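In case you want the letters, here they are:
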Amino acid sequence: NTIIKEIDSTNIDVEAIELYAGMIKDGKTVIFPTETVYGLGANALDESAAMNIYSAKGRPSDNPLIVHICDMNGLEEIASGISDKARLIIDNFWPGPITLIFSKKSCVPYATTGGLETVAVRMPSHPVARELIRLSGVPIAAPSANISGKPSPTRQEHIICDMDGRVDGIILGGACDVGLESTVIDIRGEVPVVLRPGGITTEQLEDLVGRVDIDPALEMPDENITPMSPGMKYKHYSPDAQVYVVSGEKDALAEKINGLCIKNRDEGLKTGVICMKEDIPAYRGCEILSLGISMEDAANNLFDALIEMDKRKVDIVYAQSFEETGIGKAIMNRLLKSAGYRIINA
Ligand code: TXA
Ligand code: MG
């Protein structure tokens, strides 16, 4: 039986967190809120605890986990070769939504790092996450708390729907702040390389450290736009509905999507549209979900919108595309993956 409690992050019930910290010490799995998305955590230094994470998520065990710490001693314990550039990034963005790759120390089992010699480390800012790590007394390995392949959970309802019964404990802490996962950056070389765009933007990093490279594997595969993009090892962020990213001028976009809605309806398929609030009036005859008014809203609401489309039994989702600046880069990365890189140009 999963032990579920709500914990108010503005008025933390330390005794309740102690219960969950005890579970972590015992090698059990606990879902907890972070400022990015909910995490599915276990003791990062305990091989069998880490294995429990993979089975709860249904995740392939060669996909490495992020290790969460609450202070710099935690980093020294598990990582070696912490460069000046790494310290600069840490000083500016930790605690917060960025994960750094380091050489691992031998106390970190390969079960946690997916067999790699490196370890991904993040210090979250969410007060419940921090207190859980502190009281556990160990670093906590935690991937996003979704079933492997599905959108990441950013609301407590997402957790209750999917994970009750799959883990030992669940801490509910309301909606996540950022709503997309952390930026993952490899800082071991001369020039830092972004492996996953996320909560801290590339522009923010460039302002701080100068040149930053983007992992070429992030670029969308150009020619063969097939449902399952080649080179993408795992399916990601995919609701049951089939997602398409639609780009083009506003008017052309609405006309194209409205036309597709009619065609889908004739084929007995239910259509959903994910757009910005101001564009709601342009669409007809479909389920419409707004992402809000700003890019930050869109980041915060994207996964919830994808999950909601499944609840509404939508078959085909059209999502407006975003300019890839600032947080837009992370939004488009998640959207394109959820769409299997299917793009429609209006
Ligand atoms: O915001 C987040 O990062 C959330 C919260 C819970 O902290 N966690 C998260 O974990 O998104 P996950 O497992 O869903 O994504 C971890 C990403 C994966 O793309 C994984 O391949 C990469 O980080 N990663 C982990 N360790 C790595 C390593 N040693 N080298 C390269 N990539 C690594
Ligand atoms: Mg994930």
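Residues numbered from 1 in each chain as written. Chains lettered and ligands numbered in written order. Predicted model: local features only at pLDDT ≥ 70, side-chain atom pairs only at ≥ 80, totals over all residues. Heavy atoms only, no water.

The nonpolar side chains of a soluble globular protein tend to be buried with one another. Judged by nonpolar contacts, the single largest core of 45 residues is most densely connected at L100 and F102. The greatest single-element share of this core, amounting to five residues, is contributed by helix α2 (residues 47–57). Those residues within four positions of L100 in sequence are excluded, and the remaining contacts are A86, I89, I90, W94, V119, A120, V121, I185 and I187. (Core = buried A, V, L, I, M, F, W, Y, C linked by side-chain atoms within 4.5 Å. Buried < 20%, exposed > 50% of the residue type's maximum accessible area, 1.4 Å probe, protein only. Helix = DSSP H or I, 4+ residues; strand = E, 2+ residues; numbered from the N terminus. Contact = heavy atoms within 4.5 Å.)

Attention shifts here to the packing of aromatic side chains. Where two aromatic rings form a pair, the distance of their centres and the angle of their planes describe that pair. Scanning the entire structure with this criterion turns up two aromatic pairs. Pairing Y237 with F303 gives two aromatic rings, centres 5.4 Å apart and planes at 20 degrees, and the pair type is stacked. Taken together, the residues Y237 in the loop between β12 (213–214) and β13 (242–247) and F303 in helix α10 (residues 295–311) connect sequence positions 66 residues apart. Of the two residues, Y237 and F303, both sit in the buried class. For K104, the ring lying beneath its charged end belongs to Y110, and the centroid distance is 4.4 Å. (Phe/Tyr/Trp six-rings, centres within 6.5 Å; stacked < 30°, edge-to-face > 60°. Lys NZ or Arg CZ within 6 Å of the ring centre and 35° of its normal.)

Before going further, it helps to examine helix α1 (residues 14–25). A rise of 1.5 Å per residue sets the reference length of α1, with its 12 residues, at 16 Å; its end C-alpha atoms lie 16 Å apart and thus fit the reference within 8%. For α1, the complete set of buried residues consists of A16, I17, Y20, A21, M23 and I24. An end-on view of α1 places all buried positions within 155 degrees of arc, on one side of the element. Every exposed residue of α1 that faces more than 90 degrees away from the buried side is listed here: E15 and K25. Here the buried face of α1 lies against β1 (3–6), β2 (30–32), β3 (39–43), α6 (127–136), β8 (140–141) and β9 (169–172). (Expected span 1.5 Å × (residues − 1). Arc of directions from axis to C-beta.)

With that out of the way, let us pick up the domain arrangement of the protein. Entries for the protein in the domain assignment read domain 1 (3–216) and domain 2 (242–345). Its C-alpha centre places domain 1 at a distance of 29 Å from the equivalent point of domain 2. Taken together, the 21 residues of domain 1 in the interface contact 17 residues of domain 2. The interface formed by domain 1 and domain 2 contains two salt bridges. D304 serves as the salt-bridge partner of R155, at 3.9 Å between the closest nitrogen and oxygen. (Domains from an automatic or database assignment. Salt bridge = Lys/Arg side-chain N within 4 Å of Asp/Glu carboxyl O.)

Remark: helix α4 (residues 84–93) packs on helix α8 (residues 202–209), axes separated minimally by 11 Å, with the N-to-C direction vectors making an angle of 125 degrees. On the basis of their axis angle, the class for α4 and α8 is oblique. Relative to α8, α4 is oriented so that their crossing is right-handed. On α8, the residues touching K85, L88, I89, N92 and F93 of α4 are Q204, L205, L208 and V209. (Axes fitted to C-alpha atoms, helices over the stretch in contact; angles between N-to-C directions. Parallel < 35°, antiparallel > 145°, perpendicular 65-115°, else oblique. Left-handed = near helix turned anticlockwise from the far one by under 90°.)

Lining the immediate surroundings of ligand 1 are 23 residues, of which T36, R59, H68, S182 and R196 lie closest. Contacts to ligand 1 include R59, whose side-chain N or O atom sits 2.9 Å from an oxygen atom. Residue S182 places a side-chain N or O atom 2.5 Å away from an oxygen atom belonging to ligand 1. Mapped by element, the contributors of at least two residues to the shell around ligand 1 are β4 (66–68), β7 (118–122) and β11 (193–196). Residue contributions to the shell around ligand 1 peak at three residues, all from β7. Its residues assigned to classes, the shell around ligand 1 shows 12 nonpolar, seven polar and four charged. (Near = heavy atom within 4 Å. Polar contact = N/O pair within 3.5 Å; in protein donor to acceptor, adjacent residues only side chain to side chain. Nonpolar A, V, L, I, M, F, W, Y, C, P; charged D, E, K, R; others polar.)

Counted residue by residue, β13 has five buried out of six residues, so it is predominantly covered. Inspection of the sheet shows β13 paired to strand β16 (residues 316–320) by five bridges, in the parallel sense. When the bridges of β16 are listed, V246 appears paired with Q320. Two elements, β13 and strand β17 (residues 343–345), share three bridges in a ladder whose sense is parallel. From the neighbouring strand, S247 faces β17, where its bridge partner is N345. (Pairing = 2+ DSSP bridges.)

Once that is clear, we can look at the pattern of salt bridges. One pass over the structure, following the stated rule, counts 15 salt bridges. R134 is paired through a salt bridge with E131; the nearest N and O atoms lie 2.8 Å apart. Of this pair, R134 and E131 both sit in helix α6, separated by three residues, roughly a single helical turn. Residue E131 is classed as buried on the basis of its relative accessible area, which comes to 15%. Among the salt bridges present, the one from K311 reaches E308, with a minimum N-O distance of 4.0 Å. Taken together, the positions of K311 and E308, both in helix α10 and three residues apart, correspond to about one turn of that helix. For E308, a relative accessible area of 21% corresponds to the partly exposed category. A cluster of three or more residues bridged by salt bridges with shared partners is formed by K270, E287, E308, K311 and R312.

With respect to the element layout, R334 can be found in helix α11 (residues 328–338). For R334, a relative accessible area of 0% translates into the label buried. For the pair R334 and L302, spaced 32 residues apart in sequence, the C-alpha to C-alpha distance is 8.8 Å. Leaving out residues up to four positions away in the same chain, R334 has contacts with L180, E181, S182, R196, P197, G198, Y237, L302 and F303. Among the polar contacts made by the side chain of R334, one reaches the side chain of Y237 at a distance of 3.5 Å.

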